[in-house]
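Observations on chain architecture
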Amino acid sequence: MITRENIITAAKKTIVSESQSIAKLTDFIDDVFVNAVQEIYNSKGRLIVTGIGKSAIIAQKIVATLNSTGTPSMFLHASEAIHGDLGMVQDGDAVICISKSGNSPEIKVLVPLLKRFGNKLIAITGNVTSFLGKEAHYTLNTYVESEACRNNLAPTNSTTAQLVMGDAIAVCLMEMRDFKPEDFAKYHPGGALGKKLLLRVQDMLDATRKPFVNPDSSIKNVIVEISEKRLGVAAVIENDKVVGIITDGDIRRMLNKTETITGLVAKDIMTVHPKTIKSTDMVVDALNILEDFSITQLVVVDNGEYKGVIHLHDILKEGIV
């Protein structure tokens, strides 16, 4: 009988089983692992990652991780390799071959061909005594006692172990290359991640939406300026310097406190010493300031010169978060 409790129990059992299998991988990190990582690091070519079945899917993810972290890599499907795609393997390339059993027919055909070309072969396998385990120059052990499924058939713990071993290799290579956030940004120019790492405040400024008034501007003119520029704020400028800001919130609070706006000017209701940011700063830094101070606009100032306003809503539209 399928019940809510049964579903929760099965899910938790799977997570615990996989986490325990991953934890045991630390016992397999040794000099062989070190030598394999150094082989990849010192390689003059690319890193080719190959596999069959579910291992091929894991290989593709590992390739994606490596490429995005500074290790040029290519995926080679083991079955396609022996039918023509082996030509993508060039002199100087290192090869990672992933297989749980290490004895798949395609692997047995592919491994001798790779070695014949003189490429260094790194195995990621759950069976170090397999054909692959014995033939590889470096064998990384991803043995798991069982799969998470009750029939011990569906690749679960074993594929997770392969993936984690690939991540361990990628992170070690990042450390060896002193891979920095700015390096990461080069490979992630699109999407939210790329924007976090690359987008600067100046990239979001609109010269046609640069609201400002002078200290003696009437409240009516302030309201018109805020409304027309649609940023919910106007900078107060005196002698080409920002001396304060007025937000639509300031306008509402003023109207609640007074019966008439006659005689009131911008300097009477402005907030002095507003939070500012430089146009060359990162947008993600602007977002952090907005969140820290629970505000929605930042005045952009470069060397005392007013450049405009960056608004929280515009940042959110860019998909930064």
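The paragraphs below set out a description of the structure included in this document. Owing to the predicted nature of the structure, the values given are computational and were not obtained by experimental measurement. (Residues numbered from 1 in each chain as written. Predicted model: local features only at pLDDT ≥ 70, side-chain atom pairs only at ≥ 80, totals over all residues. Heavy atoms only, no water.)

**Description of the overall build of the chain**
Helix and strand content of the chain: 14 helices and eleven strands. Its C-alpha radius of gyration of 30 Å places the chain more than 25% over the 20 Å reference for a compact globule of 321 residues. Referenced to the eigenvectors of the C-alpha coordinate spread, the extents of the chain come out at roughly 90 × 55 × 35 Å. Residues counted as buried form 42% of the 321 residues belonging to the chain. Within the chain, residue pairs in contact and separated by at least 24 positions form 63% of the contacts whose partners lie at least 6 positions apart. (Helix = DSSP H or I, 4+ residues; strand = E, 2+ residues; numbered from the N terminus. Rg over C-alpha atoms; globule rule 2.2 N^0.38 Å. Buried < 20%, exposed > 50% of the residue type's maximum accessible area, 1.4 Å probe, protein only. Contact = heavy atoms within 4.5 Å.)

**Re the nonpolar core**
Membership of the largest hydrophobic core comes to 25 residues, with the highest contact counts inside it found for Val-49, Ile-96, Leu-140 and Ile-169. When residues no more than four places from it in sequence are discounted, the contact partners of Ile-169 are Phe-33, Val-37, Ile-40, Ile-96, Ile-124 and Leu-140. Grouped together as the second largest cluster of nonpolar side chains are 17 residues, Ile-48, Ile-107, Val-111 and Ala-136 included. (Core = buried A, V, L, I, M, F, W, Y, C linked by side-chain atoms within 4.5 Å.)

**Structural notes on the environment of Asp-206**
Counting through the fold element by element, Asp-206 comes out in the loop between helix H9 (191-198) and strand S6 (212-213). The exposure class assigned to Asp-206 is partly exposed, which follows from its relative accessible area of 35%. Counting along the chain gives 101 residues from Asp-206 to Lys-307, while the straight-line C-alpha distance between them is 9.3 Å. For Asp-206, the side chain forms a polar contact with the side chain of Thr-208, separated by 2.7 Å. (Polar contact = N/O pair within 3.5 Å; in protein donor to acceptor, adjacent residues only side chain to side chain.)

**So, the environment of Val-283**
Relative to the helices and strands, Val-283 resides in helix H13 (residues 283-292). Looking at Val-283, the relative accessible area reads 0%, which means it is buried. With 117 residues separating them along the chain, Val-283 and Gly-166 place their C-alpha atoms 33 Å apart. Not counting the four nearest positions on each side in its chain, Val-283 is found in contact with Leu-199, Arg-200, Val-201, Met-204, Ile-310, Ile-315 and Ile-320.

**Re the side chain of Ser-104**
Among the secondary structure elements, Ser-104 is positioned in the loop between strand S3 (94-99) and helix H5 (105-116). With relative accessibility at 15%, the residue Ser-104 sits in the buried group.

**With respect to the sheet that holds strand S7 (residues 233-238)**
Working definition: the strands of a sheet are paired by backbone hydrogen bonds and lie parallel or antiparallel to each other. Strand order in this open sheet of three strands is S6-S7-S8, and the pairing throughout is mixed. Since the sheet does not close on itself, it has two edges, and those belong to S6 and strand S8 (241-247), each with one partner. Note that S6 and S7 share two bridges and pair parallel. Its bridge partner being in S7, Phe-212 is matched across the sheet by Ala-235. (Pairing = 2+ DSSP bridges.)

**Considerations on the sheet that holds strand S11 (residues 305-311)**
Here three strands make up an open sheet; going across it, the order is S9-S10-S11 and the pairing mixed. The open sheet is flanked by strand S9 (276-277) and S11, the only strands paired with a single partner.

**A closer look at the packing of helix H3 (residues 54-68) against helix H7 (residues 157-176)**
Contact pair H3 / H7: the axes reach a minimum separation of 10 Å and the direction vectors enclose 20°. The pairing of H3 with H7 is recorded here as roughly parallel in orientation. As for how H3 packs across H7, the hand of that crossing is right-handed. Mapping the contact onto sequence places Lys-54, Ser-55, Ile-58, Lys-61, Ile-62, Thr-65 and Leu-66 in H3 and Thr-159, Gln-162, Leu-163, Gly-166, Asp-167, Ala-170 and Leu-173 in H7. Here the contact of H3 with H7 is built from residues that sort into six nonpolar, five polar and three charged. (Axes fitted to C-alpha atoms, helices over the stretch in contact; angles between N-to-C directions. Parallel < 35°, antiparallel > 145°, perpendicular 65-115°, else oblique. Left-handed = near helix turned anticlockwise from the far one by under 90°. Nonpolar A, V, L, I, M, F, W, Y, C, P; charged D, E, K, R; others polar.)

**Overview of the pairing of S11**
Of all seven residues making up S11, five are buried, and the element is well covered by its neighbours. Sheet analysis places strand S10 (residues 297-302) next to S11, joined by six bridges and oriented antiparallel. Across the sheet, the residue bridging to Val-299 is Val-309, located in S11. Where S10 folds back onto S11 in an antiparallel hairpin, the turn is made up of two residues, including Asn-303, whose phi is positive at roughly 50°.

**Focus on the pattern of salt bridges**
Scanning the entire structure with this criterion turns up eleven salt bridges. Between Glu-135 and Lys-115 there is a salt bridge, and its shortest N-O distance comes to 3.1 Å. Of this pair, Glu-135 sits in helix H6 (residues 131-135) while Lys-115 sits in helix H5; the two residues are 20 residues apart in sequence, bridging distant segments of the chain. Look at Lys-115 and you get partly exposed, because its relative accessible area is 32%. (Salt bridge = Lys/Arg side-chain N within 4 Å of Asp/Glu carboxyl O.)

By themselves these figures say nothing about function.
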